[in-house]
Amino acid sequence: MDLGFLLHAIIPSVDSAAILITFLTYLAIAGSILPGKVVPGAVLQDGTRLHYLCNGLFALTLLVALLGFGAYMNFISATVISDRGFELLSTTFIFSVLVTSALYVAGCRSRNKSSSLKPHVTGNLIHDWWFGIQLNPQFMAIDLKFFFVRAGMMGWLLINLSVLAKSIQDGTLCRSMILYQLFCAAYILDYFIYEEYMTSTWDIIAERLGFMLVFGDLVWIPFTFSIQGWWLLHNQVELPTATVIANCIIFLIGYMVFRGANKQKHVFKKNPKIHIWGKPPKVIGGKLLASGYWGMARHCNYLGDLLLALSFSLPCGTSSLVPYFYPIYLVILLIWRERRDEARCAAKYREIWVEYCRLVPWRILPYFY
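Here the structure is a predicted model, which is why all the values come from computation and not from measurement.

A. Region of interest: the side chain of Thr91. Relative to the helices and strands, Thr91 is located in helix α4 (residues 85-109). A relative accessible area of 8% places Thr91 in the buried class. A polar contact of 2.7 Å, which involves the side chain of Thr91, links it to the backbone oxygen of Glu87.

Take a look at the structure:
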């Protein structure tokens, strides 16, 4: 791929803008009208709480069905995304910058005193633009933070499906591509099956909405998490059966730890007396769970995430580091986030956190880190 082709391919087009706007419009409408479970969010500092309509699985299933029907009837091309990958990337990036700038201006002008919309302005333009000013900004009654992460996860699946269609069209479909597609599809579907668990995560509860989250949700998740698929589209990798089995085992262990840990944390927050692994939970200071996975490591869910990320890349073989960008990046990110979480928890829980660290000395990987 020469530089001239890359520069031409990355220039946004009317078509790429139309695809993005249509996608986001569908999500806004479907997310507002389709039935789903209404889940109460965390109680905020002012005593209020938001409520989230968790109908993402319904919206995703309907969207894939509509796109599949459209492709079958030749209304749209199944490869429309994979044919415009670079220009969709640049279009979404520009959109993220514009949205973040609008959020910054709206936040600075806000006089709302509620915990969700009260502006937190430090006076540092870069800091406020990057980390955001408001906790839960809305547009036309849509919670943008919850909306953007949903868009990113769905976008990741749509990119993968278009890459899969391109692979079939080009006659390059192989076992590695199938394995990668199955792992990612299972992970994404699991996210939407347990979408309500997202409402108790740190990003939703405590992070303000700025460029860090907007870019991360709309650009980083769908376009970098799908690098393995793009790479396999242009590189044939034949895996022996033993390697496929080993990869499946890594995925299953990663999923078990990731989903199990997040589920334990979520149900504990809803019911602190619920049994964990068949036993009453061990709780430090009445607040911190030290049973189950959370009695093995303080950030055990990160271990599951890392194993899953590795399983997404292993189908690409070992001839290049490019497909391993996601797990390498995730190691760096999660260690940074773990250190940031530790500092915040130490400041928030004080002696309770000290006791928890004494009882659970391992950060992510028991007996190693």
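There is more to say after this.
B. Summary view of the domain arrangement of the protein chain. Looking at the assigned domains, one finds that the protein chain contains domain 1 (1-238) and domain 2 (239-368). Relative to domain 2, the C-alpha centre of domain 1 lies at a distance of 24 Å. Summing the contributions of domain 1 and of domain 2, the shared interface buries around 2900 Å²; its carbon and sulfur component is 64%. Summed over the shared surface of domain 1 and domain 2, the result is four salt bridges. Notably, a salt bridge pairs Arg340 with Glu207, separated by 2.6 Å at the nearest N-O pair. On the surface where domain 1 and domain 2 come into contact, there are 12 residue pairs in polar contact (both at pLDDT 80 or more). Broken down by secondary-structure element, the contributors of at least two residues to the side of domain 1 that touches domain 2 are β1 (37-40), α7 (175-193), α8 (202-205), α9 (211-224) and α10 (227-234). Considering each element in turn, the side of domain 1 that touches domain 2 owes the most residues, 10 residues, to α7. Class assignment of the residues belonging to the side of domain 1 that touches domain 2 gives a composition of 20 nonpolar, five polar and six charged.

C. Expanded view of the packing of helix α6 (residues 144-170) against α9. The N-to-C vectors of α6 and α9 enclose an angle of 10°; their axes lie 7 Å apart at closest approach. As judged from the angle between their axes, α6 and α9 are roughly parallel. In this structure, α6 contributes Lys145, Phe148, Val149, Ala151, Gly152, Met153, Gly155, Trp156 and Ile159 to the contact, and α9 contributes Leu213, Val214, Asp217, Leu218, Ile221, Pro222 and Phe223. When grouped by side-chain class, the residues that make up the contact of α6 with α9 number 12 nonpolar, two polar and two charged.

What counts and what doesn't
Residues numbered from 1 in each chain as written. Predicted model: local features only at pLDDT ≥ 70, side-chain atom pairs only at ≥ 80, totals over all residues. Heavy atoms only, no water. Helix = DSSP H or I, 4+ residues; strand = E, 2+ residues; numbered from the N terminus. Buried < 20%, exposed > 50% of the residue type's maximum accessible area, 1.4 Å probe, protein only. Polar contact = N/O pair within 3.5 Å; in protein donor to acceptor, adjacent residues only side chain to side chain. Domains from an automatic or database assignment. Buried area = accessible area lost by both parts, 1.4 Å probe. Salt bridge = Lys/Arg side-chain N within 4 Å of Asp/Glu carboxyl O. Nonpolar A, V, L, I, M, F, W, Y, C, P; charged D, E, K, R; others polar. Axes fitted to C-alpha atoms, helices over the stretch in contact; angles between N-to-C directions. Parallel < 35°, antiparallel > 145°, perpendicular 65-115°, else oblique. Contact = heavy atoms within 4.5 Å.

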